[in-house]
Amino acid sequence: MSATPTGPSVPADRLGGGPEVSVPPGPDRIVPSWTDPVAVQASEAVGGPWGRHAVTGRARFWTPLRVCLLFTVVVLGLAWAKQAPCAAGNWTGSKQYTHFCYTDAVALFFTHGIDDGQVPYLDSAVEYPVLTGGLMQLAAVVARGWDGLATGLSTVPVESFYVVTCLLLSALALLVTRGVLGLAGRRPWDAAMVALSPLLLVHAFTNWDLLAVALTTLGMWAWARRHPVPAGVLIGLGIAAKLYPVIVLGVLFVLCLRAGRLRAWLSTIVAAGLAWLAVNLPVALAAPENWARFFTFSDVRPANPESVWAIALDLTGDRILDGPLAEGQTPSVLNATVAVLLLLSAAVVAWLALAAPLRPRLPQLAFLLVAAFLLLNKVWSPQFSLWLLPLAVLARPRWRSLLLWQATEVLVWMMTMLYYLGADSNGVGVEWFYLAVVVRDVAVLVLMALVVREVWSPDRDLVRRSWPGTDDPAGGVLDGAPDRWVLPRPVGRAQPARASRSRATSSA
């Protein structure tokens, strides 16, 4: 490892990092119908690509932000229509599977005693981190208030709870779109890839994952705006909703190590720890056993059907790892195997961060590590894929590959519902379900490989190619910073002098 500064991790023509260059004529942002083959084809429905002399970036009302937010509202409306058959909790005839509208919000309304006014953690054990339980309680309080005001109307408590939950999740989805647009730099229309996402359509209301996704995205946006303390607070709250945002803190560590900006990272990690503690400590003191339910449940939980481990165990007849387990028995060998593999994947990503020719962008490494976590973990609930959505868009903003990956996620959801319905009830057998899972895993692996290729060959990175001098729009203090610590690169691997300035249409 070298402690000698090696120069900026940005092209030499970046302002402040090399000779001054003139910006080529054209709009001050990337126009998708000029640069993405899918957007070019889609634009034919409205008259073709944006004209060369058209005004861009000066709309008085229909700015990219408002258009992307409108796209999000439309997709959320379609998601609500898809979920409507399940909203009232009348799931006779396995309606939740035949209509592909299963949602944990309705199922857990009864399981956790929300229908009886029980408070998560204080009155009932909830298998989610504290802030997710807090969102459940907020929806319950608002729903009961509405039911109390609507005394002259016929209301169904579970439906009121579900409607409020969907409204809260919709607001969080809008925040995700806003955060991605803020992180995209001169590529604001990349946020449309989130707004029009098939994954959002399918899983917006499946569970409460959008809470952690929104907090993490906003935390990354705060980091990009060079506000490390607010970034830490938001990411810490995200960890209090789902555990996965801690991965972003790990990625920031290795990037700050390479850039010699550990002071900013320390501010972020301290703020994240304090925010997490502020949310968790009161509940842990008031109901320690119920607060710990998330950790104990995660420990004893077996491999869920959508994971590679469930497929391996089923194909081998439980003859590997722990072997047959009794109800509630901890899969110790599986837990240890997953832990070792996750540590190895983290080490590989850290090596990539420190040895790449140019310092990787934050979303690239975050996507790789979160994807590795999902692939190797013993639990990959279908809605967990929402964690990847903003990271994938920011890491590799290409419509074709993102839509192909999300098509496999939709396939997994459909096969999951039909598998739970049962082959004897016009569903599908386990072999078709496993096939869908394998196809999804392969799609994620391909997307990871493409991101790794662009990290190792920065000239292929569409974000860096989009505008002269672009380094990392989400990098914050890392954006344009010189390297301080790097690992030796393989012999014969030349470092590129600068990222390509080409804005030509890419076919990938």
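Preceding block: the structure.
These numbers come from a predicted model, not from an experiment.

**Student:** Would you explain helix α3 (residues 64–83) in this entry?
**Tutor:** For an α-helix, 3.6 residues make a turn, and residues three or four places apart therefore share a direction. Between its terminal C-alpha atoms α3 stretches 28 Å, which fits the 28 Å expected from 20 residues at 1.5 Å a residue. In this fold, the buried residues of α3 make contact with α7 (157–183), α8 (192–195) and α9 (198–203).

**Student:** In this structure, what is going on with the state of the cysteines? I would like to understand it.
**Tutor:** By definition, a disulfide is the covalent link that joins the sulfur atoms of two cysteine residues. Enumeration according to the criterion identifies one disulfide in this entry. Disulfide pairing is shown between Cys-86 and Cys-101; the S-S distance is 1.8 Å. Taking the sign of the torsion about the S-S bond as the criterion, the disulfide between Cys-86 and Cys-101, at about 60°, is right-handed. One end of the pair, Cys-86, is in the loop between α3 and α4 (95–98); the other, Cys-101, is in the loop between α4 and α5 (104–111), and 15 residues separate them in sequence. Considered together, Cys-86 and Cys-101 belong to a single accessibility category, that of buried residues.

**Student:** Hey, could you run me through a nonpolar patch on the surface in this one?
**Tutor:** There is a patch of nonpolar side chains on the surface, built from Phe-61, Trp-62, Leu-70, Val-73, Val-74 and Leu-78 and spanning about 590 Å² of accessible area. Within the secondary structure, Val-73 sits in helix α3. Using a relative accessible area of 46% as the deciding quantity, one classes Val-73 as partly exposed.

**Student:** Hey, could you run me through the nonpolar core in this one?
**Tutor:** In a soluble, globular protein the nonpolar side chains are often hidden away together inside. Within the largest apolar cluster, 139 residues are counted, with the highest numbers of intra-cluster contacts made by Phe-161, Trp-208, Leu-210, Trp-223, Leu-365, Phe-367 and Trp-405. Beyond its immediate sequence surroundings of up to four residues, Phe-367 is in contact with Leu-388, Leu-391, Ala-392, Ala-395, Leu-447, Met-448 and Val-451. One finds Ala-303, Trp-309, Leu-313 and Val-338 within the second-largest nonpolar core, a separate group that totals seven residues.

**Student:** I tried to follow the side chain of Thr-72 on my own but got confused; where do I start?
**Tutor:** Structurally, Thr-72 is set in helix α3. Among the residues examined, Thr-72 registers a relative accessible area of 0% and is labelled buried. Here the side chain of Thr-72 touches Thr-177 through a polar contact of 2.9 Å, side chain to side chain. Leave out the neighbours within four places in its chain, and Thr-72 touches Ala-173, Leu-174, Thr-177, Ala-195 and Leu-200.

**Student:** Looking at this structure, I do not really get empty space enclosed by the protein. What am I missing?
**Tutor:** Remark: the empty space left among the atoms is shown by a probe the size of a water molecule rolled over them. Under the defined criterion, the tally for this structure stands at four cavities of 30 Å³ or more. The computed volume of the largest cavity comes to approximately 80 Å³. Lining of the largest cavity is provided by 13 residues; of these, Leu-183, Ala-184, Arg-361, Leu-394 and Val-463 occupy positions nearest its centre. Of the residues that constitute the lining of the largest cavity, the class distribution is nine nonpolar, no polar and four charged.

Cut-offs applied
- Along each chain, the written sequence defines residue order, and numbers are assigned to residues from 1.
- It should be noted that, the model being predicted, local features are given only for residues of pLDDT at least 70 and side-chain atom pairs only at 80 or more, the latter also being counted only at that level, while totals for whole chains, interfaces and linings use all residues.
- Only hydrogens and water are removed before side-chain values are computed, so all heavy atoms of the structure are retained for them.
- Comment: elements are numbered from the N terminus, with helices defined as DSSP H or I runs of at least four residues and strands as E runs of at least two.
- Multiply 1.5 Å by the residue count of a helix minus one, and that product is the helix's expected span.
- Contacts are assigned to residue pairs that have any heavy atoms within 4.5 Å of one another.
- What counts as a disulfide here is a pair of cysteine sulfur atoms lying within 2.5 Å.
- When a residue's accessible area, from a 1.4 Å probe over protein chains only, is under 20% of the maximum for its type it is buried; when over 50% it is exposed; and in between it is partly exposed.
- A residue counts toward a patch only above 30% relative accessible area and without a salt bridge, and it is joined to like-charged neighbours within 9 Å or, for Val, Leu, Ile, Met, Phe, Trp and Tyr, to nonpolar neighbours within 5 Å.
- Note that accessible areas follow from Shrake-Rupley with a 1.4 Å probe, and for residues the cover is restricted to the protein chains shown.
- In what follows, salt bridge is the name for a side-chain nitrogen of Lys or Arg lying within 4 Å of a carboxyl oxygen of Asp or Glu.
- What is meant by a nonpolar core is a set of buried Ala, Val, Leu, Ile, Met, Phe, Trp, Tyr and Cys residues, joined one to another through side-chain atoms within 4.5 Å.
- Pairs of N or O atoms are called polar contacts if they sit within 3.5 Å, as long as, within protein, a hydrogen donor faces a hydrogen acceptor (for residues adjacent in sequence, only side-chain-to-side-chain pairs).
- In this analysis, the protein atoms alone were mapped onto a 1 Å grid. Cavities are point sets where a 1.4 Å probe fits without being able to get out; pockets are open sets with protein on both sides within 12 Å along at least five of seven lines; lining residues have an atom within 4 Å of a point.
- Grid points are joined across faces, edges and corners, and a volume is the space filled by probe spheres set on the points.
- Just so you know the grouping, Ala, Val, Leu, Ile, Met, Phe, Trp, Tyr, Cys and Pro go in nonpolar, Asp, Glu, Lys and Arg go in charged, and all remaining residues, Gly too, go in polar.

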